[in-house]
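Residues per chain are reported as follows:
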Amino acid sequence: MAVQQGQARRGPGRPRQEHVTGAVLDAVVELVAEHGMGALTMDAVAARAGVSKPAVYRRWPTKQDLVIAAAESRIGPLTVPDMGDFRAELRAVLTARMEAYRRPGIDRLLAGVIGASAEEGAVREAFHAYTQRVTSETRHVLERGLARGDVRADADLTAATTLVASSLVFRMVAEQRMPDEALVESVADLIGRAVGA
């Protein structure tokens, strides 16, 4: 099984210095992991990354853009191959996400993304677009199962996608416990029984 986790693609325009991008996104994750979202300022990120503040602003005009980019650099889209069974594919999605979430600092980073989405002035569409990208493979797995006939025709795919994504994040951010294989198996089983044909 080859589950591939991708990163967001760069849009058109002049090529960027990739090492600057990587250094800045690493700096965001490190600062949040060490000190929380309160420590995340453009000045602090630039200093930690060893780049100029204008170099940060050129890539990410707002702190919101920067937080989303950092989250997506660690938890971006993924691809699960057709295994002939949506339950196995769902388990692969959940396992890939669990492994990504267990990396140092990701719990605080995701808590920060969620919190930042509710701040005054937040552009909700940007957060919505990020969550759509992150959950797109779960949706695809369910739609593939629907086409194959192992997902019920009347299944609410939007609700199932939300439940898959939120289960691991809630465990980590709200319950303050790392998601594990037992949770993956439970969620895969519950969703499988809820929407399976």
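Description of the structure in this document.

## Comments concerning the overall build of the chain
On a plain count of helices and strands, the chain comes out with nine helices and two strands. Starting at the N terminus, the α and β elements of the chain follow one another as β-α-α-α-α-β-α-α-α-α-α. Computed over C-alpha atoms, the radius of gyration of the chain comes to 18 Å, within 12% of the 16 Å expected from 2.2 N^0.38 for 197 residues, which places it in the range of a compact globule. Projected onto its principal axes, the C-alpha positions of the chain cover 55 × 40 × 30 Å.

## Digging into the layout of surface pockets
There is about 600 Å³ of room inside the second largest pocket. What lines the second largest pocket is a set of 23 residues, and nearest its centre among them are Thr131, Gln132, Thr135, Ala165 and Ser166. At the level of secondary structure, the elements contributing two or more residues to the lining of the second largest pocket comprise α6 (106–117), α7 (124–148) and α8 (157–173). Per-class residue counts for the lining of the second largest pocket are eleven nonpolar, ten polar and two charged.

## Side note on the side chain of Glu137
By secondary structure assignment, the location of Glu137 is in helix α7. The side chain of Glu137 sits in the buried core without any salt bridge; Arg144 is the nearest counter-charge, 4.3 Å away. When sequence neighbours within four positions are dropped, the list of residues in contact with Glu137 reads Leu78, Thr79, Val80, Val93 and Arg144.

## Comments concerning the packing of helix α5 (residues 86–101) against α8
The packing of two helices is summarised by the inter-axis angle and the distance between the axes. For the pair α5 and α8, interaxial distance at closest approach is 10 Å and the crossing angle is 30°. Comparing the axis directions of α5 and α8 gives the class roughly parallel. As α5 packs across α8, the resulting crossing turns out to be right-handed. Only Val164, Ser167, Leu168, Val169 and Met172 of α8 make contact with α5, whose side of the interface consists of Leu90, Leu94, Arg97, Met98 and Tyr101. Looking at side-chain class alone, the contact of α5 with α8 contains eight nonpolar, one polar and one charged residues.

## A closer look at the pattern of salt bridges
Scanning the model with the defined rule gives 15 salt bridges in all. One salt bridge in this structure joins Glu34 and Arg48, with 2.7 Å as the shortest N-O distance. Of this pair, Glu34 sits in helix α1 (residues 18–35) while Arg48 sits in helix α2 (residues 42–49), placing them 14 residues apart in sequence. Across the pair Glu89 and Arg148 runs a salt bridge whose closest N-O atoms are separated by 3.2 Å. One end of the pair, Glu89, is in helix α5; the other, Arg148, is in helix α7, with 59 residues separating them in the sequence. Residue Glu89 is classed as buried on the basis of its relative accessible area of 0%.

Calculation rules
- Residues numbered from 1 in each chain as written.
- Predicted model: local features only at pLDDT ≥ 70, side-chain atom pairs only at ≥ 80, totals over all residues.
- Heavy atoms only, no water.
- Helix = DSSP H or I, 4+ residues; strand = E, 2+ residues; numbered from the N terminus.
- Rg over C-alpha atoms; globule rule 2.2 N^0.38 Å.
- 1 Å grid on protein atoms, 1.4 Å probe; cavity = no way out; pocket = protein on both sides within 12 Å on 5 of 7 lines; lining within 4 Å.
- Points joined across faces, edges and corners; volume = space filled by probe spheres on them.
- Nonpolar A, V, L, I, M, F, W, Y, C, P; charged D, E, K, R; others polar.
- Buried < 20%, exposed > 50% of the residue type's maximum accessible area, 1.4 Å probe, protein only.
- Lys, Arg positive; Asp, Glu negative; His and termini not counted.
- Salt bridge = Lys/Arg side-chain N within 4 Å of Asp/Glu carboxyl O.
- Contact = heavy atoms within 4.5 Å.
- Axes fitted to C-alpha atoms, helices over the stretch in contact; angles between N-to-C directions.
- Parallel < 35°, antiparallel > 145°, perpendicular 65-115°, else oblique.
- Left-handed = near helix turned anticlockwise from the far one by under 90°.

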